[in-house]
Structures are given as structure tokens and as C-alpha cells.
Amino acid sequence: MSEERDLPHPDRFTVGAIGEPGSRLFLLQCQQGAEELVVKIEKQQVAVLASYLARIVREMGEPGSLPADTFEESEDFDWVVRTIGVSFDEPAGRVVIVLEEQSEEDADETGNVARISLSIEQAAAFAIRATQLVESGRPPCPLCGLPLDPSGHDCPRTNGHRPPAS
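All of the points below concern the structure found in this document. (Residues numbered from 1 in each chain as written. Predicted model: local features only at pLDDT ≥ 70, side-chain atom pairs only at ≥ 80, totals over all residues. Heavy atoms only, no water.)

Quick look at the pattern of salt bridges now. Considering all chains together, one arrives at six salt bridges under this definition. Of the charged contacts, one joins Asp78 and Arg5 as a salt bridge, the two residues approaching to 3.9 Å between their closest N and O atoms. With Asp78 in the loop between helix H1 (43-60) and strand S5 (79-80) and Arg5 in strand S1 (residues 4-7), this pair connects stretches of sequence that are 73 residues apart. Take Asp78: its relative accessible area is 45%, and that puts it in the partly exposed class. Note on Arg5: relative accessible area 12%, which makes it buried. Salt bridges sharing common partners tie together Glu4, Asp6 and Arg115. (Salt bridge = Lys/Arg side-chain N within 4 Å of Asp/Glu carboxyl O. Helix = DSSP H or I, 4+ residues; strand = E, 2+ residues; numbered from the N terminus. Buried < 20%, exposed > 50% of the residue type's maximum accessible area, 1.4 Å probe, protein only.)

Here is the structure:
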């Protein structure tokens, strides 16, 4: 059964990763009072969300003091994020993030939905942490942009015949 959750004033909104680069589990955590939401999210989704939030924060001007950002390590999550929507609620001065899960029964239907409303300071803190987290992973190949593995990399740009120069 799918549910809709609204978190209009979260106390905590952060992202973290568990595991080694190349096989990390990315989790987005949101807490408002006793209510907590933890969802699995892909690295690319984290990168795009961070970039978009950073752009909104830049357009709004200098944020106030940034909130503390604590990630609680746990591999448990409520559901997997399929789509992310971001908008700015001008009258409230808040960034609204909508996370949607694709229904398991019907690919055309939405499963769980969460609407999270962030202050500019929360959005800025998230963008900083998420960018640092994404950049702390495996470096990209200078030729193809795919992640370089410590054990080697078969670069499609070289048909796997020679390793790329790093």
C-alpha cells in the first residue's frame, strides 16, 4: 500500500553512503520530530539534486547559518526513490522536494510519495554534503568519464586495449 508523507519543517535532511566506493549504498534521511523517512537513492540522483539545490541557493543569495548535518549509519530504508521533483515555494521561502517511488504492481503508477520542505540553509547544507559525498567516490576516467576501479578499467574509448592515463 502506498502512502503520502508531508514533512513541512524537517529537523534533519541529509544524505550519506555506506560501504566502499564502487559498491556504496546511498541513503537520504529526513526527520521531523519523531517521524523519520529513510530512502535509498542513486549516486547520480544525489549529484543532480545537489547541483540543483546549489543553483537555487546561489540565486537566493547568502544563506544564514547552516544547520548541523549528521548522518546515522544504518542499511535500513523505507523504499527506493525513482523520481525527484524540486520547486521553490516563493511565499514561504522554502525549497520543496518531492520524492516518488515507482509502484511495484504497475510501472505507470506512483508508489510512496514524500514532500519535504526545506529552508534555504537546509538546502545549502545538503548541497555541500552531497557534493562532497559524490566527489569522495571513485575518480572518473579522463577519457570516458566512467568510474576508475582500483583493480583496473576497461575503457570503452580504447576498446579495452590499454588503460587510460590518469
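Let's shift gears to helix H2 (residues 120-135). Two residues of an α-helix separated by three or four positions point the same way, owing to the 3.6 residues in each turn. For H2, which comprises 16 residues, the first-to-last C-alpha distance of 22 Å matches the rise-based estimate of 22 Å (1.5 Å per residue) to within 8%. Three or more residues of H2 are buried, namely Ile120, Gln122, Ala123, Ala124, Ala125, Phe126, Ala127, Ala130, Leu133 and Val134. (Expected span 1.5 Å × (residues − 1).)

Taken as a whole and assessed by the stated rule, the structure comprises one cavity of 30 Å³ or more. Computed from the structure, the largest cavity encloses a volume of approximately 60 Å³. Lining the largest cavity, in full, are Asp11, Arg12, Phe13, Pro67, Ala68, Asp69, Gln122, Ala125 and Phe126. Considering each element in turn, the lining of the largest cavity owes the most residues, three residues, to H2. (1 Å grid on protein atoms, 1.4 Å probe; cavity = no way out; pocket = protein on both sides within 12 Å on 5 of 7 lines; lining within 4 Å. Points joined across faces, edges and corners; volume = space filled by probe spheres on them.)

As a further point, take the sheet that holds S1. The sheet built from four strands is open, its strands ordered S1-S8-S7-S6 with mixed pairing. Strand pairing shows two members of the sheet lacking a second neighbour, S1 and strand S6 (83-89), which therefore form its edges. Across this sheet, the average inter-strand angle for adjacent strands is 15°, counted without regard to direction. Sheet strands touched by H2: S6, strand S7 (94-102) and strand S8 (110-118). Its angle to S8, the strand with the most contacts, is close to 115°. (Pairing = 2+ DSSP bridges. Axes fitted to C-alpha atoms, helices over the stretch in contact; angles between N-to-C directions. Contact = heavy atoms within 4.5 Å.)

It is worth spelling out the sheet that holds strand S2 (residues 12-18) at this point. Taken together, the four strands give an open sheet; going across it, the order is S2-S3-S4-S5, and neighbouring strands pair in mixed fashion. Edge positions in the open sheet fall to S2 and S5, since each of these has one partner strand only. Where S2 and strand S3 (residues 25-32) come together, seven bridges link them in antiparallel fashion. The residue of S3 that forms the bridge with Ile18 is Leu25. Relative to S2, H2 is tilted by about 5°, and along the sheet it contacts S2 and S3.

Applying the stated rule across the entire model yields one aromatic pair. Look at Phe13 and Phe126: their rings are 4.8 Å apart centre to centre, the planes differ by 35°, and that puts the pair in the tilted class. With a gap of 113 residues between them, Phe13 in strand S2 and Phe126 in helix H2 connect regions that are remote in the sequence. Taken individually, Phe13 and Phe126 each receive the classification buried, so the pair is uniform in this respect. (Phe/Tyr/Trp six-rings, centres within 6.5 Å; stacked < 30°, edge-to-face > 60°.)

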